[in-house]
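# Structural characterization, general
Single-letter residue listing:
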Amino acid sequence: MNTVLITGSSSGFGKATAQLFLDNGWNVIATMRRPGDNTLEGPADRLRVVALDVTKADSIKAAVNEAIGLFGGVDVLVNNAGIGGFAPIETTSDELIRRMFETNTYGVMAMVRAIVPHMRERGSGTIVNVTSRVVYNPAPMVSVYAASKIAVDGFSQALYHELAPLGIHVKLVEPGYGPDTKFESNMMALNDEHSFPAPYQPQLNVLMSSLPKVTTSIEDVATAVLRAVNDTGPTLRFPAGADAVAAAEKHAALGKEAFLAEMHRAFGVQQ
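On a predicted model such as this, the values are computed, not experimentally measured, just so you know.

### Things to note about empty space enclosed by the protein
Tallying each qualifying case throughout the model produces two cavities of 30 Å³ or more. Quantified by volume, the largest cavity comes out at close to 40 Å³. Lining the largest cavity, in full, are Gly 85, Phe 86, Ala 87, Thr 92, Leu 96, Met 100, Met 141, Val 142, Ser 143, Val 144 and Tyr 145. For the lining of the largest cavity, the secondary structure elements donating two or more residues are helix H3 (94–122) and helix H4 (143–163). Broken down by element, the residue count for the lining of the largest cavity peaks at three residues, all from H4.

Written out as C-alpha cells, the structure is:
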C-alpha cells in the first residue's frame with residue numbers, strides 16, 4: 001500500500017487532498033502546524049497526523065523521520081502548505097514578504113531536501129509541488145505571492161530533470177482561484193486601512209471586478225493532485241480548476257507576448 005505525506009493538511013486544498021487519498025486506499029500522513037486542528041475522517045490504521053512547520057528545520061527533520069517510520073517509507077510528498085498576500089508592494093511589510101517566501105518557497109525546497117535521500121535510496125518516489133494559476137497570469141496586488149510561487153515553478157522544472165535519473169518524478173499542480181477556502185480570508189486579514197492607498201484604488205477595482213466567475217473547488221485540486229501522482233508519463237503541469245485550465249490553455253495558444261498584451265488590456269496598462 002502506498003503512502004503519501006501532505007503538508008498543510010488542516011484545511012482547504014491540503015485537507016481535501018488528504019481525504020481523497022484516504023478514500024482511495026492510501027496510507028496518509030497529514031501534517032499541520034497544530035495537530036489539534038485535525039478534522040480528517042479515515043481508518044485509524046491508515047491515517048497519521050504529524051506536527052510540522054515547514055519554516056523550521058528541526059520540525060522538518062523530525063516530521064520526515066517520523067513519517068518514514070510510520071508506514072515503512074514515503075512514496076509521495078505533496079508540498080501544499082502556503083500563505084498569501086494581497087496588497088501593493090509599497091505597503092507589503094518586510095515581515096510578510098519573508099513569511100511568504102519562507103513558507104511558499106524555502107519551505108518547499110527544505111521539504112524536498114529532506115525527502116530526496118529517502119526516495120533516492122529506494123529508487124522511486126513522486127514529489128508534487130502545489131503552486132497557483134498565478135504562474136500564468138501574475139496580477140496586480142499579488143506581486144510577492146506570485147514571485148514566491150513562480151520561484152517554485154522554476155525550481156520544479158529544474159528538479160524534474162535533476163531527479164528523473166534517480167527514479168523520482170516531479171509534478172506541478174496549479175490551482176485556480178478558490179474562494180471556498182480560508183486562503184482568501186487569511187490574505188485579507190493581513191491588511192488594514194493603509195494597505196490600499198488612493199492611487200491604487202482604480203487597479204484594485206479592476207482586479208476585483210475581473211475575478212473569475214467559474215472558480216476552483218478544493219475537490220478540483222485534490223483530484224488534480226491524485227491524477228498527477230498516478231501519472232507515470234512526462235507531464236509536468238496539472239492545472240486544477242476550470243479557470244486554471246483556461247489560463248494554461250490561453251497561455252499556450254497565444255504565446256507569452258500575446259498573452260502579456262492581453263493582460264495589459266485587462267488591467268488598463270498603456271502599451
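Back to the write-up after that little detour.
### With respect to the pattern of salt bridges
Enumeration over the complete set of coordinates arrives at five salt bridges. One salt bridge connects Asp 153 with Arg 237, and the closest N-O pair in it is separated by 2.5 Å. Taken as a pair, Asp 153 in helix H4 and Arg 237 in strand E7 (residues 237–240) lie far apart in primary sequence, 84 residues in all. When salt bridges that share partners are traced, they join Asp 153, Glu 174 and Arg 237 into one network.

So, how was this worked out
- Numbering of residues starts from 1 in each chain and follows the order in which that chain's sequence is written.
- For this predicted model, a pLDDT threshold of at least 70 governs which residues receive local features, and a threshold of 80 or more governs which side-chain atom pairs are given and counted, while totals over whole chains, interfaces and linings are taken from all residues.
- Values reported for side chains reflect all heavy atoms of the structure, with hydrogen atoms and water molecules removed beforehand.
- Buried and open spaces are told apart on a 1 Å grid over the protein atoms alone, a cavity being a set of points where a 1.4 Å probe fits but cannot get out and a pocket being an open set with protein on both sides within 12 Å along at least five of seven lines. Residues with an atom within 4 Å of a point are the lining residues.
- Grid points are joined across faces, edges and corners, and a volume is the space filled by probe spheres set on the points.
- Counting from the N terminus, the helices are DSSP H or I runs at least four residues long and the strands are E runs at least two residues long.
- Any Lys or Arg side-chain nitrogen found within 4 Å of a carboxyl oxygen on Asp or Glu counts as a salt bridge.

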